[in-house]
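For reference, the chains in residue letters:
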Amino acid sequence: MKILAIRGNNLASLAGEFEVDFQIEPLASAGVFAITGPTGAGKSTLLDALSLALFHDTPRLMSASEKGVDIPDVADKSITPRDPRNILRRGAGEGHAEVDFVGLNGERWRARWEVRRARGKPDGALQQARASFENLDRNEQHGGKIRETRESIEKETGLSYAQFCRSILLAQNEF
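Residues numbered from 1 in each chain as written. Predicted model: local features only at pLDDT ≥ 70, side-chain atom pairs only at ≥ 80, totals over all residues. Heavy atoms only, no water.

1. A short note on the overall build of the chain
Test applied: Working definition: helices are DSSP H or I runs of at least four residues, strands are E runs of at least two. Numbering for both runs from the N terminus. The globule rule used here is 2.2 Å times the number of residues to the 0.38 power, and the radius of gyration it is set against is calculated over C-alpha atoms. Residue contacts follow a heavy-atom distance rule, with two residues in contact if any of their heavy atoms lie within 4.5 Å. All accessible-area figures derive from a Shrake-Rupley calculation using a 1.4 Å probe, and residue coverage is judged against the displayed protein chains alone. Counting rule applied: Lys, Arg positive; Asp, Glu negative; His and chain ends not counted. The atoms used to mark charge sites are NZ of Lys, CZ of Arg, CG of Asp and CD of Glu.
On a plain count of helices and strands, the chain comes out with four helices and eight strands. Along the chain, helices (α) and strands (β) appear in the sequence β-β-α-α-β-β-β-β-β-β-α-α when read from the amino end. Here the chain has a C-alpha radius of gyration of 16 Å; the compact-globule value for 175 residues is 16 Å, and the two agree. Reported as C-alpha extents along the three principal axes, the dimensions of the chain are approximately 50 × 40 × 30 Å. Contacts spanning at least 24 positions in sequence make up 55% of the contacts within the chain whose residues lie at least 6 apart. Working note: accessible area of the chain is about 9,900 Å², and carbon and sulfur atoms make up 49% of it. Charged side chains of the chain number 24 positive and 25 negative; the gap between the two group centres comes to 3 Å.

Have a look at this one:
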């Protein structure tokens, strides 16, 4: 698996659209690079976007171990601290994470996770997250529901979520 690009919109500390394209310079020829910046700059959010797009979950939320604690949403609705929709930036009506990569078969793929609030308004109720998985070389959609999409992605990357977290995405304080 080779990551080609990470894109997103309104995730955690990153307001608006963002993109890291590994196919253009200076990243295209960089063998190794570092993601650096001050606290709150979005370093972890880039890794969240990668994980959300591929597996619809992120290690940052795995450490939320409080039981019986809910985060208020709108009206009388709430979500748990482990819900991946928590990554949607506060005050945003919608957000997404998207990753382009080369899979085990040598073809280019795009994985996408998205969440929105009702009517795309910041004060709307959180809707169910959606996922999509597309073969860019053949212009074919794969998966459907989040579970089916995740299974298709696992097949094309050769990694389960746990393997991805241990071998590719070393979250803060996990190495």
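2. As for a nonpolar patch on the surface
The cut-off we apply is this: Like-charged residues are merged into a patch within 9 Å and nonpolar side chains (Val, Leu, Ile, Met, Phe, Trp, Tyr) within 5 Å, provided each residue has over 30% relative accessible area and no salt bridge. The rule for a salt bridge is simple: a side-chain nitrogen of Lys or Arg has to be within 4 Å of a carboxyl oxygen of Asp or Glu. Buried, partly exposed and exposed residues are distinguished by accessible area as a fraction of the type maximum, computed with a 1.4 Å probe on protein chains only: under 20%, between the cut-offs, and over 50%, respectively.
Together, F33, I35 and L47 make up a nonpolar patch on the protein surface, roughly 240 Å² of accessible area in all. Of note, L47 is situated in helix α1 (residues 43-55). The partly exposed category is assigned to L47, whose relative accessible area is 31%.

3. Description of the sheet that holds strand β5 (residues 94-102)
Keep this limit in mind: By definition, two strands form a pair when at least two bridges between them are found by DSSP. To obtain an axis, a line is fitted to C-alpha atoms, over the contacting stretch when the element is a helix, and the angle between two such axes runs from 0 to 180 degrees between their N-to-C directions.
Strand order in the open sheet formed by six strands is β2-β1-β5-β6-β7-β8, with antiparallel pairing between adjacent strands. In this open sheet, the two strands that pair with only one neighbour each are β2 (14-21) and β8 (140-142). Averaged over all pairs of adjacent strands, the angle between strand axes in this sheet comes to 15 degrees, irrespective of strand direction. Sheet analysis places strand β1 (residues 2-11) next to β5, joined by seven bridges and oriented antiparallel. Paired with K2 across the bridge in β5 is V102. Set on the sheet, α1 makes contact with β1, β2, β5 and β6 (108-116); between it and β5 the angle comes to about 75 degrees. Seen against the sheet, helix α3 (residues 146-157) touches β5, β6, β7 (130-135) and β8 and runs at an angle of roughly 35 degrees to β7.

4. Considering the pairing of β2
Looking at chain direction, β1 and β2 are connected through six bridges and run antiparallel. Note that in β2 the partner of I6 across the bridge is V20. Between β1 and β2, which pair antiparallel one after the other, the connecting turn spans two residues, and A12 there sits at a positive phi close to 45 degrees.

5. Points about the nonpolar core
Under the convention used in this document: Put simply, buried Ala, Val, Leu, Ile, Met, Phe, Trp, Tyr and Cys residues joined by side-chain atoms within 4.5 Å make one nonpolar core.
In terms of nonpolar packing, the biggest core is built from 34 residues, with L11, L54, A97, F101, W113 and F164 touching the most fellow members. For this core, the secondary structure elements donating two or more residues are β1, β2, α1, β5, β6 and α4 (161-167). With seven residues, α1 is the single largest residue contributor to this core. Those residues in contact with A97 that sit more than four places away from it in its chain are R7, G8, L11, A49, L52, A53, A111, R112 and W113.

6. Structural notes on the pattern of salt bridges
Evaluation of the coordinates by the stated rule reveals 17 salt bridges. Between R138 and E140 there is a salt bridge, with its nearest N and O atoms 3.1 Å apart. On the basis of relative accessibility, which here comes to 30%, the residue E140 falls in the partly exposed class. Beyond isolated ion pairs, a larger network of salt bridges with shared partners links R7, E19, E98, D100, R110, R112, E114 and R130.

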